[in-house]
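# A look at the structure
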Amino acid sequence: MITFNFDSKIALVTGSSRGIGKAIAKALLEANCQVIGTYSRDEKSARLCRQDFEIYGNRFHLVKSDVSDREQAKALFAQAEAYFEKPISYLVNNAGILNQGDFLALTDEQWDNTFAVNLKGPFILSQELMKQTAHGAAIVNISSVGGQIGGNKAPDYAATKSALISLTRSIARLGADLNIRSNAVAPGWIATDIFDDDQLNALQQEASKAIPLKRMGTSEEVANAVLFLLSDTSSYITGHCINVNGGMYFG
Ligand SMILES: NC(=O)c1ccc[n+]([C@@H]2O[C@H](COP(=O)([O-])OP(=O)(O)OC[C@H]3O[C@@H](n4cnc5c(N)ncnc54)[C@H](OP(=O)(O)O)[C@@H]3O)[C@@H](O)[C@H]2O)c1
């Protein structure tokens, strides 16, 4: 088993108050990283997260900050540097929203909001990271199998996640001179609060029949791929997308 050691460097993990982002933050903290996490609205999850991560003391700092807002994003970098007295070395663009529904009822407002959070957020934060980085950093963007195969229940979401793979590759090219690596992880169906109970039950049943590994994935399984891509173990990998999907899509 590979054990990672991030040498007390600083990671920014967006949307780390619950679900996949929380598992990524926890795995990084266990691997000797210091983490600044974000959320935007759900105070209950934020409170629980702060409680659960009390054991990590001041190595974890959770901030209310909307990824789609340029000024809030800029402030995050300043806050991280003031809090940890070091710049951010790792960026995980994990925050994302999914609203499933009938395509014919999909509003312009929902379309714009999904793009603002899922795509503009990673753009802003990657750009801010590049502005502050003198040499060497790693970015991982959390895409989705929906971005690879399309999605009839949330085409806005699928479009953002496909574009996020493209952004990942553009940043890989743009960041290479600064030794900034940029990769993506495309999870399949992961059991988290992004789904309501009915959706989760339906996915669990379908997974046992339709997914080669016959189950939904866990947030920890996504976190394992993220840590690999952030670490020096993947030092010659950039512009890549790792599927964590139980075999539901191989491309
Ligand atoms: N679960 C899956 O099956 C699956 C599959 C493929 C990809 N993904 C992707 O994985 C990522 C995490 O998903 P999840 O399942 O863990 O979702 P989740 O349980 O709903 O968690 C989403 C996190 O993002 C935060 N967030 C949402 N909007 C934000 C904003 N504007 N600014 C900052 N933070 C924001 C949420 O906090 P607040 O609510 O407080 O803002 C929460 O911490 C998403 O990008 C999702 O698209 C998930």
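Residues numbered from 1 in each chain as written. Predicted model: local features only at pLDDT ≥ 70, side-chain atom pairs only at ≥ 80, totals over all residues. Heavy atoms only, no water.

This paragraph deals with the pairing of strand β2 (residues 34-39). β2 sits mainly inside the fold: 6 of its 6 residues count as buried. In β2, alternate side chains face the same way, and those of Gln34, Ile36 and Thr38 on one face and Val35, Gly37 and Tyr39 on the other are all buried. Strand direction decides the pairing type here: strand β1 (residues 10-13) and β2, joined by 4 bridges, are parallel. What sits directly across from Ile10, in β2, is Gln34. What joins β1 to β2 is helix α1 (residues 19-30), and the crossover it makes is right-handed. One ladder, built from 5 bridges, connects β2 with strand β3 (residues 60-64); its direction is parallel. Of the residues in β3, the one forming a bridge with Val35 is Phe60. (Buried < 20%, exposed > 50% of the residue type's maximum accessible area, 1.4 Å probe, protein only. Helix = DSSP H or I, 4+ residues; strand = E, 2+ residues; numbered from the N terminus. Pairing = 2+ DSSP bridges. Right-handed = clockwise from strand over helix to strand, strands pointing away.)

Any pair of aromatic rings gets described here by the distance separating the centres and the angle formed by the planes. Counting across every chain of the model gives 6 aromatic pairs. An angle of 25° between the planes, with centres 4.9 Å apart, marks the rings of Trp111 and Phe115 as stacked. Taken together, the residues Trp111 and Phe115, both in helix α4 (residues 108-132) and 4 residues apart, mark about one turn of the helix. Three or more aromatic residues joined by ring pairs form one cluster here, namely Phe4, Phe6 and Tyr90. (Phe/Tyr/Trp six-rings, centres within 6.5 Å; stacked < 30°, edge-to-face > 60°.)

With that settled, consider the site of the ligand. Within the structure, the ligand sits among 31 residues, and Ser40, Asp42, Asn94, Tyr157 and Thr192 are positioned closest to it. One of the side-chain N or O atoms of Ser17 is found 2.7 Å from an oxygen atom in the ligand. The backbone of Asn94 places a nitrogen or oxygen atom 2.6 Å from an oxygen atom of the ligand. The protein chains hide 97% of the 880 Å² of surface that the ligand would expose on its own. Those elements that provide at least two residues to the shell around the ligand are α1 and α6 (155-175). (Near = heavy atom within 4 Å. Polar contact = N/O pair within 3.5 Å; in protein donor to acceptor, adjacent residues only side chain to side chain. Areas by Shrake-Rupley, 256 points an atom, 1.4 Å probe, with all protein chains shown as cover.)

Note that side chains of opposite charge can pair when their charged atoms are close. Applying the stated criterion to the full structure yields 6 salt bridges. Here Arg70 ties to Glu128 by a salt bridge, and the two come within 2.8 Å at their closest N and O atoms. Placement of the pair is Arg70 in helix α3 (residues 70-84) and Glu128 in helix α4, with a sequence separation of 58 residues. Look at Glu128 and you get buried, because its relative accessible area is 8%. Among the salt bridges present, the one from Glu128 reaches Lys131, with a minimum N-O distance of 3.1 Å. Pair noted here: Glu128 and Lys131 are both in helix α4, with a separation of 3 residues, about one helical turn. Look at Lys131 and you get exposed, because its relative accessible area is 55%. Within this structure, Arg70, Glu128 and Lys131 form a network of salt bridges that share partners. (Salt bridge = Lys/Arg side-chain N within 4 Å of Asp/Glu carboxyl O.)

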